[in-house]
Amino acid sequence: MDFEMPTFKTPEPRSKVLAIVNQKGGVGKSTTAVNLAAALGEAGKKVLLIDLDPQANSTSGLGVNKNQRERCVYDALLGERTLEELTEPVEEKNVFIVPATIQLAGAEVELVNVISREMRLKSMIEPIRDQYDYILIDCAPSLGLLTINALTAADGLLIPLQCEYYALEGLSKLLDSMRLVKTHLNPKLDVFGVLMTMYDKRMNLTQQVVTEVENYFGDIVFKTYIPRTVRLSEAPSYGQSALTYDSKGKGAEAYRELAKEVMQRG
């Protein structure tokens, strides 16, 4: 009798889940979430962006009217909807969003007495995880329960830091939170990359800050710096990424370069 060697199918690689996080506001989290998603989508990757910020800047930045949504990620966290039911396509190629609304502001209070409250987002992502190449989570500028949910669900943190004097201020609290989550909830969690935003090479302070951050974090700082540009700031008001609004601009090109680095890292 002929013996036929068994064949083993190599499992498809799982998607990468990245939490875009910094407890400071105004550092470019939502700008990065929207434009990195668009750049990865443009490169042929299927991307899901989960807006976990009650300000819903990523939602409106991708052209979704947050004021006309009866349901949002809040409903998933409370177990009333699945993420799949809440997911919708946007104008950007290969990009989908789970939108946020101001309702999300009440989630922290309502989740306090929920069993495994830190694991809610992770449990919602698992059933759909393999449908995407990248899942990006835009976090609120805080270290509350919503952000802890993002850290518990993520493979790594993408930390935007603005090229300003207080760039590293308060960052130790974020890293302490990451270590606690890593110890108790998510052993695989680590810093995936640090991104310098609002870069202006004409300013001496900018290079001083970049040098300080690179000395602190080493090779996990992305080689790509995101410039401070008017067009990058204007794009969200049109509900578009910079890649759609100003495709050949410096901001769009910078996020394309960032997407290449993200894909190279896995």
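Refer to the structure printed above.
Bear in mind that the values here come from a model prediction, so they are computed numbers and not experimental data.

S.K.: Any chance you could explain helix 8 (residues 171-184) here in plain terms?
M.R.: Here helix 8 contains 14 residues, and its C-alpha end-to-end distance of 20 Å stays within 8% of the 20 Å for a straight helix at 1.5 Å per residue. For helix 8, the secondary structure elements touched by its buried residues are helix 7 (145-153), strand 6 (156-162), strand 7 (190-199) and helix 9 (204-217).

S.K.: In this structure, what is going on with the layout of surface pockets? I would like to understand it.
M.R.: The gaps left among the atoms become clear once a water-sized probe is rolled over them. By volume, the largest pocket amounts to about 440 Å³. If you go around the largest pocket, you meet 29 residues; those closest to its centre are V27, G28, K29, S30 and T31. Looking at the lining of the largest pocket, the elements that each hand over two or more residues are helix 1 (29-42), helix 2 (57-61), strand 5 (134-139), strand 7, strand 8 (221-227) and helix 10 (230-234). Per-element accounting of the lining of the largest pocket gives the leading share, five residues, to helix 1. Looking at the lining of the largest pocket residue by residue, the class counts come to 12 nonpolar, 13 polar and four charged.

S.K.: Which parts of the structure should I look at to understand the pairing of strand 1 (residues 16-20)?
M.R.: Within a regular strand, side chains alternate between the sheet's two faces. Counted residue by residue, strand 1 has four buried out of five residues, so it is predominantly covered. As judged from the five bridges shared by strand 1 and strand 5, these two strands associate in the parallel manner. When the sheet's bridge partners are listed, I20 is paired in strand 5 with D138. Sheet analysis places strand 1 next to strand 6, joined by three bridges and oriented parallel.

S.K.: Help me out: how do you make sense of the sheet that holds strand 2 (residues 47-52) in this one?
M.R.: Note: strands within a sheet are paired through backbone hydrogen bonds, in either parallel or antiparallel orientation. Reading across from one edge, 3-4-2-5-1-6-7-8 is the order of the eight strands in this open sheet, with mixed pairing throughout. Strands with a single pairing partner mark the edges of an open sheet, and in this sheet they are strand 3 (88-89) and strand 8. With six bridges joining them, strand 2 and strand 5 adopt parallel strand pairing. In the sheet register, V47 faces strand 5, and the bridge partner there is Y134. Along the sheet face, helix 8 touches strand 6 and strand 7 and points at about 180° away from the line of strand 6.

S.K.: Sorry if this is basic, but what is going on with the environment of A107 here?
M.R.: Mapped onto the elements of the fold, A107 is located in helix 5 (residues 107-111). Residues A107 and L145 lie 38 residues apart in sequence; the distance between their C-alpha atoms is 8.5 Å. Excluding residues within four positions of it along the chain, A107 makes contact with Y74, L77 and L146.

Cut-offs applied
Residues numbered from 1 in each chain as written. Predicted model: local features only at pLDDT ≥ 70, side-chain atom pairs only at ≥ 80, totals over all residues. Heavy atoms only, no water. Helix = DSSP H or I, 4+ residues; strand = E, 2+ residues; numbered from the N terminus. Expected span 1.5 Å × (residues − 1). Contact = heavy atoms within 4.5 Å. 1 Å grid on protein atoms, 1.4 Å probe; cavity = no way out; pocket = protein on both sides within 12 Å on 5 of 7 lines; lining within 4 Å. Points joined across faces, edges and corners; volume = space filled by probe spheres on them. Nonpolar A, V, L, I, M, F, W, Y, C, P; charged D, E, K, R; others polar. Buried < 20%, exposed > 50% of the residue type's maximum accessible area, 1.4 Å probe, protein only. Pairing = 2+ DSSP bridges. Axes fitted to C-alpha atoms, helices over the stretch in contact; angles between N-to-C directions.

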